[in-house]
Structure formats: C-alpha cells, structure tokens
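Remarks on the overall topology
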Amino acid sequence: MPARIYQQSKPAGQSGLAGTRKWVFEYGQGAPRKQDALMGWTGSADTRSQLRLLFDSREAAEAYAQHEQIAYEVEQPEQRHRRPKVYADNFGYNRIQNWTH
C-alpha cells in the first residue's frame with residue numbers, strides 16, 4: 001500500500017489552526033493486522049504503519065519519498081470557505097431572529 005502525504009485539517013471543536021500547516025507522511029499498511037488471542041488487542045508485525053513524519057512543505061515530503069524510493073499518494077487539502085462576521089451585526093435593527101435576552 002502506498003504512503004500518504006497530506007495536510008491535517010482543522011479540528012472541528014477548536015477554532016485555532018495549530019498543527020495544520022505541516023505536511024504529514026504516513027507509511028501504508030505493509031502487513032495484515034491480527035487480533036491477539038489472549039487480550040483481544042489488534043496488532044501488526046509492521047512497525048512502519050505506526051510512524052508519522054512531519055514536513056514543512058509538500059515538496060520536502062515528496063523529496064523524502066523519492067529519495068527512499070517509496071510509492072506515495074498526495075492528498076491536496078480542501079480550501080476553507082471563511083465568511084467574515086461582524087460582532088455589531090448581533091445587535092442590528094435588521095436582525096432576522098429576535099434577541100432573546
């Protein structure tokens with residue numbers, strides 16, 4: 001399975017953009033996962049699938065994959081649609097909903 005190069009999206013429950021500017025390189029799954037008979041935990045003999053490498057740019061991540069001769073796929077991030085809001089609009093006379101308090 002090829003490696004993935006992508007940029008993390010913003011967490012839905014947070015307004016900040018921390019950790020979303022870096023590009024992530026994840027190795028693909030190289031060995032099948034199996035369930036442990038005693039504990040029931042899922043594991044794999046492939047330790048590369050547990051690694052996540054962070055890069056400052058997509059080009060740096062691609063250069064690493066090409067240097068190490070690893071097949072990869074790049075997932076382009078979707079652009080965020082920001083609608084600017086003005087705090088004063090909460091108190092406007094042309095407000096559609098009633099102000100409840």
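Residues numbered from 1 in each chain as written. Predicted model: local features only at pLDDT ≥ 70, side-chain atom pairs only at ≥ 80, totals over all residues. Heavy atoms only, no water.

**What to know about the environment of Lys10**
Here Lys10 is to be found in the loop between strand E1 (3-7) and strand E2 (23-26). Here the alpha-carbon distance between Lys10 and Leu38, two residues 28 residues apart in the chain, equals 38 Å. Those residues within four positions of Lys10 in sequence are excluded, and the remaining contacts are Ser15, Gly16, Leu17, Thr20 and Arg80. A distance of 2.7 Å separates a polar atom in the side chain of Lys10 from the backbone oxygen of Gln14. (Helix = DSSP H or I, 4+ residues; strand = E, 2+ residues; numbered from the N terminus. Contact = heavy atoms within 4.5 Å. Polar contact = N/O pair within 3.5 Å; in protein donor to acceptor, adjacent residues only side chain to side chain.)

**Concerning the sheet that holds strand E5 (residues 52-55)**
Across the sheet, which stays open at both edges, the four strands sit in the order E5-E2-E1-E6 with mixed pairing between neighbours. In this open sheet, the two edge strands, each paired with only one partner strand, are E5 and strand E6 (72-75). Here the average twist between neighbouring strands, direction ignored, is 20°. Of the strand pairs in this sheet, E1 and E2 are connected by four bridges, and their pairing is antiparallel. Looking across to E2, one finds that Ile5 is bridged to Phe25. Lying over the sheet, helix H1 (residues 58-67) contacts E1, E2, E5 and E6, oriented at roughly 170° with respect to E6. (Pairing = 2+ DSSP bridges. Axes fitted to C-alpha atoms, helices over the stretch in contact; angles between N-to-C directions.)

**Considering the confidence of the model for the chain**
Of all residues in the chain, 97% attain a pLDDT of 70 or more, and the chain-wide mean is 86. Mean pLDDT values for the elements of the chain range from 84 in strand E4 (residues 42-43) up to 96 in H1. (pLDDT = per-residue confidence, 0-100.)

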